[in-house]
Amino acid sequence: MTKRKPKSKRLKKRKSKKPTGLWSFILRPAVKEKLWLLAGIMILVAGPYIWYLDSKIRTQFEGKRWAIPAKVYARPLELYPELDLTAAQFEQELKILAYRQIDGAPTKGSYQRNRNHFLIYSRAFRYWDGDEPALRLRLDFSGNRLVSLRQADLGTPLPLVRLDAGIIGRIYPSHNEDRILVKLEEVPQLLIDALTLVEDRHFFTHWGVSPKSIARAMVANLRAGATVQGCSTLTQQLVKNFFLTNERSLWRKANEAVMAILIEWHYSKNEILQAYLNEIYLGQDGHRAIHGFGLASQFYFERPINDLSPAQISLLVALVKGASYYSPRRRPERAMARRDLVINLLEKNEFISSSVADAAKFEPLNVSAQARSSVSSYPAFIDLVRRQLRRDYKDEDLNSEGLQIFTTLDPMLQALAEQSFTSKLTQLGLSKDLPDSKLQAAGSVVSINGGEVLALIGGRNPRFSGFNRALDAVRPIGSLIKPAVYLTALMQPDKYNVATLIDDGP
């Protein structure tokens with residue numbers, strides 16, 4: 001019996017499927033050639049444009065990033081034993097400096113008063129001649145004198161203490177932006193945690209844009225049938241605020257994304273975060289735009305950024321979403337709801353404990369009753385300061401270099417002078433049966449020893465920033481000239497003495 005050889009199986013050759021539809025069209029030689037040509041043109045066009053954006057970013061980001069207004073300060077209040085100062089006057093000075101009266105132990109920028117005794121925690125301040133540290137002080141008054149000045153913790157007598165100077169005005173750049181620059185190490189860690197948690201959870205891992213956020217936002221917006229969720233990273237927000245406008249278009253969004261990637265390519269996360277903290281818009285005060293968390297902390301709470309409570313930090317972070325919509329002064333209900341949302345997120349992600357979260361939500365907004373306006377309370381004096389500064393500085397230096405200008409204005413003397421003017425003008429108006437608007441006045445208070453201008457009033461309304469009568473009114477001064485004339489004569493003893501007869505004829 002013979003064995004039959006098994007038949008070898010032949011492998012059938014699979015027929016390759018020909019591309020159909022769109023791919024069939026794209027893979028045609030003529031079409032492929034055109035697509036490659038189009039890609040080349042796009043690279044040629046986009047390359048120089050991306051280079052232009054890159055150059056723009058590096059030029060502005062590495063140069064002077066912000067035009068910082070000059071700050072004008074009143075004279076510093078110097079305290080020493082036996083100073084002529086009443087307890088009431090001292091408290092008024094503290095209010096001018098925005099110190100807060102509290103019941104418990106004073107924190108920085110606050111005080112406690114018990115009749116003629118004060119406990120105060122002063123703020124650190126940098127003067128032209130050195131730094132003044134923050135101190136806990138005990139002051140005792142008797143009558144119209146400061147009789148004791150001691151360091152509260154140790155009871156050590158102090159010969160002299162200089163409190164931080166009060167801002168009496170600013171000289172702004174043309175776009176009226178205002179900010180207090182802060183370094184990243186000065187910002188509370190909780191603020192950074194809250195900001196990245198609420199605005200950009202993947203900030204420290206993405207490269208300028210976040211594909212996950214884009215996908216999540218697209219799904220949420222498609223489900224809602226409207227734009228209910230954004231996808232901008234902190235870097236994109238910085239680009240929009242720093243380089244671009246608020247125009248809503250695909251072109252602007254594309255520029256924003258490209259520039260965000262370029263910024264991430266050149267700069268560290270810490271550099272980007274610090275720039276964001278100083279750039280973001282957080283409120284409006286008349287014509288003055290409030291930018292950055294440093295100034296926002298002062299604008300809303302009258303305290304430095306490193307002295308904020310968890311509730312106050314949460315409120316500032318809440319304002320990033322919309323400073324006008326969630327304005328705590330005009331829309332407190334909205335602001336509180338948004339603040340509590342931030343607090344809940346911090347608790348959920350274990351940045352704060354449940355007890356801290358509960359206490360923060362129970363806390364009122366604690367926003368100061370009224371914003372300290374950018375409009376100076378001393379326009380006549382600021383006018384004098386501007387005129388003197390222009391002799392030595394360029395305008396662009398005054399409104400962009402962040403100069404600190406220390407002046408001789410005494411706020412207490414200014415207030416007393418204004419009260420005196422108001423009462424005397426009212427009396428004169430009543431005695432002459434004249435309407436108030438017909439009577440005007442101007443005046444100055446000058447130091448005898450140094451010739452320093454301590455107070456200046458430019459008109460009946462001390463807050464009016466128009467015509468400055470103290471500096472610009474041209475009128476006969478009458479007998480005010482006599483001391484100068486007599487002194488000039490008596491300096492020539494060979495011609496005149498106090499008994500010399502002068503012909504007073506025409």
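Residues numbered from 1 in each chain as written. Predicted model: local features only at pLDDT ≥ 70, side-chain atom pairs only at ≥ 80, totals over all residues. Heavy atoms only, no water.

1. Topic: the overall build of the protein
Put simply, the rule reads: Each helix is a run of DSSP H or I of at least 4 residues and each strand a run of E of at least 2, with the numbering of both proceeding from the N terminus. Partly exposed residues are those whose accessible area sits between 20% and 50% of the maximum for their type, while under 20% is buried and over 50% is exposed, using a 1.4 Å probe and protein chains only. The criterion used for residue contact is that any of the two residues' heavy atoms lie within 4.5 Å. Each accessible area value is a Shrake-Rupley result obtained with a 1.4 Å probe; residue values ignore everything except the protein chains displayed when judging cover.
Scanning the protein from N- to C-terminus turns up 17 helices and 18 strands. By residue count, 40% of the 506 residues in the protein fall in the buried class. A separation threshold of at least 6 residues defines the contact pool for the protein, and within that pool the share at least 24 residues apart is 64%. Per element, the accessible surface of the protein, about 31,400 Å² overall, is 56% carbon and sulfur.

2. Some words on the sheet that holds strand β16 (residues 404–406)
Our working definition: When DSSP finds at least two bridges between two strands, those strands are taken to pair. Every axis corresponds to a line fitted to the C-alpha atoms, with the helix fit spanning only the stretch in contact, and the corresponding angles, defined between N-to-C directions, vary from 0 to 180 degrees.
Pairing within the open sheet is mixed, and its three strands lie in the order β12-β1-β16. Edge strands, defined here as strands with exactly one partner in the open sheet, are β12 (167–171) and β16. Each adjacent strand pair in this sheet contributes to an overall mean axis angle of 25 degrees, direction not counted. In this structure, strand β1 (residues 70–73) lies alongside β12, joined through four bridges in antiparallel fashion. Across the sheet, residue V72 finds its bridge partner in β12, namely G169. Together, β1, β12 and β16 form the strand contacts of helix α13 (residues 379–389), whose direction differs from that of β12 by roughly 50 degrees.

3. A word on unusual backbone geometry
Phi angles above zero are rare outside glycine, and E302 is one such case at about 55 degrees. Along the chain, E302 falls in the loop between α9 (293–301) and α10 (310–319). Of note in this structure, E350 is not a glycine but carries a positive phi near 65 degrees. Note that E350 resides in the loop between α11 (332–348) and α12 (354–362). Residue E350 is classed as exposed on the basis of its relative accessible area of 71%.

4. Some thoughts on the packing of aromatic side chains
Note the following rule: Put simply, two rings from Phe, Tyr or Trp (the six-membered ring, in Trp's case) pair if the centres are within 6.5 Å, and we call them stacked under 30 degrees between planes, edge-to-face over 60, tilted for the rest.
Inspection of the entire model under this criterion finds 16 aromatic pairs. Pairing F125 with F406 gives two aromatic rings, centres 6.2 Å apart and planes at 85 degrees, and the pair type is edge-to-face. Here the residue F125 occupies a position in strand β7 (residues 125–127), and F406 occupies one in strand β16, the gap between them amounting to 281 residues. The exposure class assigned to F125 is buried, which follows from its relative accessible area of 13%.

5. Structural notes on the side chain of Q237
For clarity, the cut-off: Identification of polar contacts relies on pairs of N or O atoms within 3.5 Å, with a donor-acceptor requirement for protein atoms, meaning one able to donate a hydrogen and the other able to accept it, and with residues adjacent in sequence counted only if both atoms are side-chain atoms.
Checked against the element boundaries, Q237 lands in helix α6 (residues 234–242). There is a polar contact of 2.6 Å between the side chain of Q237 and the side chain of Y276. Residue contacts for Q237: discarding those within four places in its chain leaves E199, S232, Y276, I280 and V320.

6. With respect to the nonpolar core
Quick reminder of the rule: Nonpolar cores are built from buried Ala, Val, Leu, Ile, Met, Phe, Trp, Tyr and Cys residues. Side-chain atoms within 4.5 Å join them into one set.
Within the largest apolar cluster, 60 residues are counted, with the highest numbers of intra-cluster contacts made by F243 and F293. Broken down by element, the residue count for this core peaks at seven residues, all from α10. Filtering out sequence-adjacent residues up to four positions away, F243 remains in contact with K56, I57, Q60, F61, L238, M259 and I263. Judged by nonpolar contacts, the second largest core, of 21 residues, contains L97, Y111, L139 and L163.

7. Points about the sheet that holds strand β14 (residues 281–285)
Spatial ordering of the open sheet is given by β13-β15-β14, a layout of three strands whose pairing is mixed. Sheet topology places β13 (177–178) and β14 at the edges, where each strand pairs with a single neighbour. Bridge analysis of β13 against strand β15 (residues 288–291) gives two bridges, and the strand direction is parallel. Within β15, the residue paired with E177 across the bridge is A289.

8. What to know about the packing of helix α4 (residues 189–199) against α11
A pair of packed helices is characterised by two quantities: the angle between their axes and the separation of those axes. Worth spelling out the cut-off: Here roughly perpendicular refers to angles of 65 to 115 degrees, roughly parallel to angles under 35, roughly antiparallel to angles over 145, and oblique to all remaining angles. Gly is put with the polar residues, along with every residue not named as nonpolar or charged; the nonpolar set is Ala, Val, Leu, Ile, Met, Phe, Trp, Tyr, Cys and Pro, and the charged set is Asp, Glu, Lys and Arg.
Where α4 meets α11, the closest approach of the two axes is 10 Å, and the angle between their N-to-C directions is 100 degrees. Accordingly, the angle class assigned to the pair α4 and α11 is roughly perpendicular. Contacts between α4 and α11 pair L190, A194, L197, V198 and E199 from the former with R338, V342, L345 and L346 from the latter. Partitioned by chemical class, the residues of the contact of α4 with α11 number seven nonpolar, no polar and two charged.

9. Observations regarding a nonpolar patch on the surface
Defined as follows: Candidates for patches are residues over 30% relative accessible area with no salt bridge; among them, like charges are joined within 9 Å and nonpolar side chains (Val, Leu, Ile, Met, Phe, Trp, Tyr) within 5 Å. Criterion for a salt bridge: a side-chain nitrogen of Lys or Arg within 4 Å of a carboxyl oxygen of Asp or Glu.
On the surface, I477, L480, I481, V485, Y486, L490 and V498 cluster together to form a nonpolar patch covering roughly 750 Å² of accessible area. Here L490 is to be found in helix α17 (residues 482–490).

10. With respect to the pairing of β1
Side chains on a regular strand alternate between the two faces of the sheet. On β1, burial covers both faces: A70 and V72 on one face and K71 and Y73 on the other are all buried. Relative to β16, β1 runs parallel, the two sharing three bridges. The residue bridging K71 from the neighbouring strand is Q404, located in β16.

11. A few points about the pattern of salt bridges
Two side chains that carry opposite charge are able to pair once their charged atoms sit near each other. Per the stated rule, a full pass over the model turns up 21 salt bridges. Of the charged contacts, one joins R123 and D164 as a salt bridge, the two residues approaching to 2.8 Å between their closest N and O atoms. You can see R123 sitting in the loop between β6 (117–121) and β7 and its partner D164 sitting in the loop between β11 (161–162) and β12, a full 41 residues away along the chain. Judged by relative accessible area, R123 falls into the buried class, the value being 16%. Given the relative accessible area of 6%, D164 is considered buried. Residue D140 pairs with R138 through a salt bridge whose shortest N-O separation is 3.6 Å. By relative accessible area, D140 is classed as buried at 11%. For R138, a relative accessible area of 35% corresponds to the partly exposed category. If you follow the salt bridges from partner to partner, you end up with R170, D178, D285 and R288 in one network.

12. Here's the deal with the side chain of D410
Along the chain, D410 falls in the loop between β16 and α15 (411–432). Within polar-contact distance, the side chain of D410 engages the backbone nitrogen of M412 at 3.0 Å. Residues contacting D410, with those up to four places away along its chain left out, are R75, E93 and L454.

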